[in-house]
Amino acid sequence: QALGVPADPGPQQPLCFDFINNGACGRLQRGENCRYRHLSPDHPDVIADRIRTGKLRAVPGPAGLPAGLPGLPVAGPPP
């Protein structure tokens, strides 16, 4: 948790895209409250949102692992 960033209110709240995209929340910088989630760009909920909105392509995972997690190698045929 970054200094000055409020605790994560939980997955029921929307993401603060200002914070995710710029590393700082304009509301917090102006001394206002922000009800949104301030997560790092590599947080699983941020990645899932980017996949859901089409901003990041899901990569199929190897057998036995969930598909849709970016960065996992694409499974090939069994040896």
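Residues numbered from 1 in each chain as written. Predicted model: local features only at pLDDT ≥ 70, side-chain atom pairs only at ≥ 80, totals over all residues. Heavy atoms only, no water.

Visitor: Quick question: what am I supposed to make of the overall build of the protein chain here?
Guide: Scanning the protein chain for helices and strands turns up 3 helices and 0 strands. Along the chain direction, N to C, the helices and strands of the protein chain fall in the order α-α-α. By the burial criterion, 22% of the 79 residues in the protein chain qualify as buried. Nonlocal contacts in the protein chain, meaning residues at least 24 apart in sequence, comprise 23% of its contacts between residues at least 6 apart. For the protein chain, the exposed surface amounts to about 5600 Å²; the carbon and sulfur share of it is 58%. (Helix = DSSP H or I, 4+ residues; strand = E, 2+ residues; numbered from the N terminus. Buried < 20%, exposed > 50% of the residue type's maximum accessible area, 1.4 Å probe, protein only. Contact = heavy atoms within 4.5 Å. Areas by Shrake-Rupley, 256 points an atom, 1.4 Å probe, with all protein chains shown as cover.)

Visitor: How do you make sense of the nonpolar core when you look at a structure like this?
Guide: Among soluble globular proteins, nonpolar side chains are generally buried collectively. Among the nonpolar cores identified, the biggest contains 5 residues, and these are Val5, Cys16, Phe19, Cys25 and Cys34. Once you skip the residues sitting within four places of it in the chain, Val5 turns out to touch Phe19 and His38. (Core = buried A, V, L, I, M, F, W, Y, C linked by side-chain atoms within 4.5 Å.)

Visitor: Please clarify how the side chain of His38 should be interpreted in this entry.
Guide: Following the sequence through the fold, His38 ends up in the loop between helix 2 (26–29) and helix 3 (44–52). Of note is the side chain of His38, whose polar atom sits 3.1 Å from the backbone oxygen of Tyr36. For His38, the residues in contact, after removing those within four places along its chain, are Val5, Pro6, Cys16, Phe19, Cys25 and Leu28. (Polar contact = N/O pair within 3.5 Å; in protein donor to acceptor, adjacent residues only side chain to side chain.)

Visitor: I tried to follow the confidence of the model for the protein chain on my own but got confused; where do I start?
Guide: Across the protein chain, pLDDT averages 79, with 71% of residues at or above 70. Averaged over each element, pLDDT in the protein chain is lowest for helix 3 (90) and highest for helix 2 (94). (pLDDT = per-residue confidence, 0-100.)

Visitor: In this structure, what is going on with the pattern of salt bridges? I would like to understand it.
Guide: Where side chains of opposite charge bring their charged atoms close, a pairing between them can arise. Enumeration over the complete set of coordinates arrives at 4 salt bridges. Residues participating in the shared-partner salt-bridge network are Asp8, Arg37 and Asp45. (Salt bridge = Lys/Arg side-chain N within 4 Å of Asp/Glu carboxyl O.)

Visitor: Just to check I follow, could you spell out the side chain of Arg37 for this structure?
Guide: One can find Arg37 in the loop between helix 2 and helix 3. Only 2.8 Å separates the side chain of Arg37 from the side chain of Asp8, close enough to count as a polar contact. Beyond its immediate chain neighbours, meaning those up to four positions away, Arg37 contacts Asp8, Pro9, Gly10, Pro11, Gln13, Pro14, Leu15, Cys16, His43 and Asp45.

Visitor: I keep staring at the environment of Val5 and nothing clicks. Help me out?
Guide: Structurally, Val5 can be placed in the segment before helix 1 (17–22). Residue classification places Val5 among the buried positions, given a relative accessible area of 14%. Each C-alpha atom, one on Val5 and one on Leu28, is 8.0 Å from the other, the two residues being 23 residues apart in sequence.

Visitor: I'm lost on the state of the cysteines in this one. Help?
Guide: A disulfide bridge is the covalent bond that connects two cysteines by way of their sulfur atoms. Taken as a whole and assessed by the stated rule, the structure comprises 0 disulfides. Of the cysteine sulfurs around Cys16, a residue in no disulfide, the closest is that of Cys25, at 3.8 Å. No disulfide involves Cys34; its nearest neighbouring cysteine sulfur is the one of Cys25, lying 3.7 Å away. (Disulfide = S-S within 2.5 Å.)

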